[in-house]
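So the chains spell out like this:
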Amino acid sequence: MAPWLMGVAVLLAFTHGYPLLMLMQRALSREGRISLENIHWLLETSRVHLALRHSLWVSAVSTGLALMGGLVLAVITTQTDLPGRGILRVLFLSPLVIPPQVLALAWIQWAGPVGYLQQGLRLALGRQGALWSLYTPGGIILLLSLFTLPIVYLTLVSGLSRLQKQTEEAARLDGANLLQVWLYVTLPLLRPYIGAAAVLAFLGALGNFGIPALLAIPGRYTTLPTLLYQEVINFSGDGFGRSAALAVLFGLPAILFLGLQQRGRGQEGLDPSHEPPERYRLGWERWWWSGILMGLTLLVIVGPLLAMASTALLRAYGLPLLWSNLTLEHFRFVIFDLERARRATVHSLGLASGSAVLSSCIAVILGYALTRLKMPLLLVLSLIVDLPYALPGIIFALSLILVWLPSPLPGLTLYGTLWLILIAYLGRFLAFSLQPIQAAWRSLDTSLEEAANIDGANLIQSFRYILLPLLTPALAAAMLLVFLQSFAELTLSALLVGSGTETLGWLVFGLQQGGYTHQAAALSTLLVLTLFAVAAGIHWLKPNSAKLSGVEEPPRVG
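Residues numbered from 1 in each chain as written. Predicted model: local features only at pLDDT ≥ 70, side-chain atom pairs only at ≥ 80, totals over all residues. Heavy atoms only, no water.

Participant: Let's hear about the overall build of the chain: which residues, and what values?
Facilitator: Of the regular secondary structure elements, the chain holds 23 helices and 2 strands. The burial tally for the chain puts 48% of its 558 residues in the buried class. The long-range fraction of contacts in the chain, counting pairs at least 24 apart against all pairs at least 6 apart in sequence, stands at 78%. Accessible surface, the chain as shown: approximately 26700 Å² in total, 66% of it carbon and sulfur. (Helix = DSSP H or I, 4+ residues; strand = E, 2+ residues; numbered from the N terminus. Buried < 20%, exposed > 50% of the residue type's maximum accessible area, 1.4 Å probe, protein only. Contact = heavy atoms within 4.5 Å. Areas by Shrake-Rupley, 256 points an atom, 1.4 Å probe, with all protein chains shown as cover.)

Participant: Mind laying out the packing of helix α19 (residues 446-454) against helix α20 (residues 459-486), listing which residues take part and the relevant values?
Facilitator: One can describe the packing of α19 onto α20 by two numbers: an axis separation of 10 Å at closest approach and a directional angle of 160°. Classed by the angle they form, the pair α19 and α20 counts as roughly antiparallel. Viewed along their axes, α19 and α20 form a crossing whose handedness is right-handed. Residues L448, E449, A452 and N453 of α19 touch α20, and the partners they reach there are S462, I466, L467 and L470. Each residue belonging to the contact of α19 with α20 can be placed in one class, and the counts come to 5 nonpolar, 2 polar and 1 charged. (Axes fitted to C-alpha atoms, helices over the stretch in contact; angles between N-to-C directions. Parallel < 35°, antiparallel > 145°, perpendicular 65-115°, else oblique. Left-handed = near helix turned anticlockwise from the far one by under 90°. Nonpolar A, V, L, I, M, F, W, Y, C, P; charged D, E, K, R; others polar.)

Participant: So what about the layout of surface pockets? Which residues, and what values?
Facilitator: The calculated volume of the second largest pocket comes to roughly 350 Å³. Sorting the residues of the lining of the second largest pocket by element identifies α3 (46-79) and α9 (178-207) as the ones contributing at least two each. Residue contributions to the lining of the second largest pocket peak at 5 residues, all from α9. For the lining of the second largest pocket, the class distribution of residues is 12 nonpolar, 1 polar and no charged. (1 Å grid on protein atoms, 1.4 Å probe; cavity = no way out; pocket = protein on both sides within 12 Å on 5 of 7 lines; lining within 4 Å. Points joined across faces, edges and corners; volume = space filled by probe spheres on them.)

Participant: Describe the packing of aromatic side chains, listing the residues and the values that go with them.
Facilitator: Tallied over the full model, the rule gives 9 aromatic pairs. An angle of 70° between the planes, with centres 5.0 Å apart, marks the rings of Y368 and W441 as edge-to-face. One end of the pair, Y368, is in helix α15 (residues 339-372); the other, W441, is in helix α18 (residues 418-443), and 73 residues separate them in sequence. W441 carries the same exposure label as Y368, and that label is buried. Pairwise contacts between aromatic rings join F209, Y229 and F509 into one cluster. (Phe/Tyr/Trp six-rings, centres within 6.5 Å; stacked < 30°, edge-to-face > 60°.)

Participant: Got a sec to walk through the side chain of S355? Specific residues and values, please.
Facilitator: Note on placement: S355 falls in helix α15. Look at S355 and you get buried, because its relative accessible area is 0%. Within the structure, the side chain of S355 is placed 2.8 Å from the backbone oxygen of L351, a separation counted as a polar contact. Aside from chain neighbours lying at most four places away, what touches S355 is S360, L422, Y425, L426, V482 and S486. (Polar contact = N/O pair within 3.5 Å; in protein donor to acceptor, adjacent residues only side chain to side chain.)

Participant: Pulling in residues and values, what's your account of the confidence of the model for the chain?
Facilitator: When pLDDT is averaged across the chain, the result is 84; 92% of the residues are at 70 or more. With pLDDT under 50 throughout, residues 548-558 is counted as low confidence; its partners more than four residues away or in other chains account for 9 contacts. (pLDDT = per-residue confidence, 0-100.)

Participant: Can you break down helix α17 (residues 393-404) residue by residue, with the values?
Facilitator: Compared with the 16 Å implied by 1.5 Å per residue over 12 residues, the 17 Å span of α17 between its first and last C-alpha is a close match. The buried fraction of α17 is high, at 12 of 12 residues. Along α17, the positions that sit buried rather than exposed are G393, I394, I395, F396, A397, L398, S399, L400, I401, L402, V403 and W404. (Expected span 1.5 Å × (residues − 1).)

Participant: Which residues make up the pattern of salt bridges, and what are the values?
Facilitator: Any two side chains of opposite charge can pair, given that their charged atoms come close. Tallying each qualifying case throughout the model produces 7 salt bridges. The partner of R30 in a salt bridge is E37, with the nearest N and O atoms 2.8 Å apart. Since its relative accessible area comes to 44%, E37 is described here as partly exposed. As a salt-bridge pair, R342 and E339 come within 2.6 Å of each other at their nearest N and O atoms. (Salt bridge = Lys/Arg side-chain N within 4 Å of Asp/Glu carboxyl O.)

Participant: If you had to explain the environment of V385 to someone new, which residues and values would you point to?
Facilitator: Following the sequence through the fold, V385 ends up in helix α16 (residues 376-390). Given a relative accessible area of 0%, V385 falls into the buried group. In sequence terms V385 and I460 are 75 residues apart; their C-alpha atoms lie 25 Å from each other. If we skip the residues at most four places from it in the chain, V385 touches L12, H16, L366, L430, A431 and L434.

Participant: Explain unusual backbone geometry residue by residue, including any values.
Facilitator: One non-glycine residue, R220, lies in the positive phi region at around 55°. Its location among the elements puts R220 in the loop between α10 (210-215) and α11 (224-234). According to the relative accessible area criterion, R220 is exposed, its value standing at 78%.

Participant: Can you break down the nonpolar core residue by residue, with the values?
Facilitator: If you look at the biggest cluster of nonpolar residues, it comprises 110 residues, and the most contacted ones within it are W107 and L228. Tallying contributions element by element places α17 first for this core, with 10 residues. Beyond its immediate stretch of four places on either side in the chain, L228 contacts S243, L246, A247, F250, I394, I395 and L398. One finds L5, L12, L475 and A478 within the second-largest nonpolar core, a separate group that totals 26 residues. (Core = buried A, V, L, I, M, F, W, Y, C linked by side-chain atoms within 4.5 Å.)

Participant: Pulling in residues and values, what's your account of helix α5 (residues 100-111)?
Facilitator: With 12 residues, α5 should reach 16 Å at 1.5 Å per residue; the first-to-last C-alpha distance of 16 Å fits that figure. The complete set of buried residues in α5 reads P100, Q101, V102, L103, A104, L105, A106, W107, I108, Q109, W110 and A111.

Participant: Account for the packing of helix α2 (residues 37-44) against α3, with residues named and values stated.
Facilitator: It is the contact of α2 with α3, at a shortest axis distance of 5 Å, that shows an interaxial angle of 65°. In terms of their interaxial angle, α2 and α3 are classed as roughly perpendicular. Residue-level inspection shows W41, L42, L43 and E44 of α2 in contact with α3, the latter providing S46, R47, V48 and H49. By residue class, the composition of the contact of α2 with α3 is 4 nonpolar, 2 polar and 2 charged.

Participant: I'd like to hear about a nonpolar patch on the surface, residue by residue, with values.
Facilitator: Residues W4, I365, L373 and L459 make up a contiguous nonpolar surface patch of roughly 300 Å² in combined accessible area. The topology assignment puts I365 in helix α15. (Patch = residues over 30% accessible without salt bridge, like charges linked within 9 Å, V, L, I, M, F, W, Y side chains within 5 Å.)

Structure representation (structure tokens):
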């Protein structure tokens, strides 16, 4: 094995494999001996059963809602001549950029007890008191549906883009109407994508911590992520063993999905090379549908974000939204006076930048090995990379705590430091950066390397002068994607942040929990603006990738 690949394997074993092995060992042991007491605790404790039922319920229902909404949106925005579908696509995908705790905070300001939506409806209906509460299973389901909707939408759009025009035309020639074409041709072809979207949405909802942290904890509705969080922060004598057992139970669906995914790799899907079906003509109804969907985006996406920004601009909570009540004082306080915000900004910038650069560099090496070499070890490395991303983040954070509290290396303390958070981000998001870079490696013809070798270039020279310039757009996109995910991350930070190592995602959660609503809203508004700017950068890189790499786009045929 080449030394560079051996180095990556050792690093992954240290940052990914060893912590997860420690988690299993702690779950199946007691006082240094193999024991099933922690598993018995799981089976006998009623609040574990209750948290499991709650998590399965809210995850299953939110997955169903996200599937229905995502399918309708995917069909309408890709298969019809709906006006404004580009704007609708961007708006409905925006929860992919917004951190879940910020999404929950925005909805509290929009539809909470004193939110603008409830106030408006109470005034219109002449009612008193709260019309509904977000701190209930219904509120959690609603926000988890919005959070997982972009995942479902993108998966189904991928499937719809691979449908063939000839298949639909053949069904029409046999006399099938539009409904029959959809029921007997399109939906069966989409079944693998619907299944994949359902699994991804379910796992995304099950492992989400930001939304239950802001809604389920105040509402005393225990879910698996919140129960695990509370068990760890209690730091009781048996807390870590029980938490490890709970984490194993919590991670079983993700491990099962990962196993199925590994078996399914390499199977053929729909062929994207054929001509896609023509768009359906909606006639005058296209304006009606466009108006409905625009109104829906105002209600579920734009309204909550504007409500959060309005709260950040108001002098005091509950004041009417008048010009005389607006101030920039909360923004000024967060930017200039709040020491923790300045410290958290520096930490988050450093951690997000560090994890983006490190994970992308490792992904370049790993992507090359996975696409160019055939070794059994690579399948193991691929699984080790995927595990921390497939598992709920709070489980990976717990596994790192088990390794580094106390430290296994005398004289080296990482628990409670930024270094441990950086290791956590690296482990969690390496799989995220590997996807675009691995795809870029697959697109590069191996004849380029062969030509360089014939000219006398070694592997480093071929990479430096030929391959790296071609990989640059994918590398930049991978860095921005990891930065986007880690800049306001909460799930890992919730367990790993210590005194003096605050991050922005954790600070938003802490300010909201502490009752500093205006400051939390101001910080969240600044975060959303920053993340939208990064997302715009990623969007800009996509059409300009060929120009940046110096490779001209081939002429279009037809």
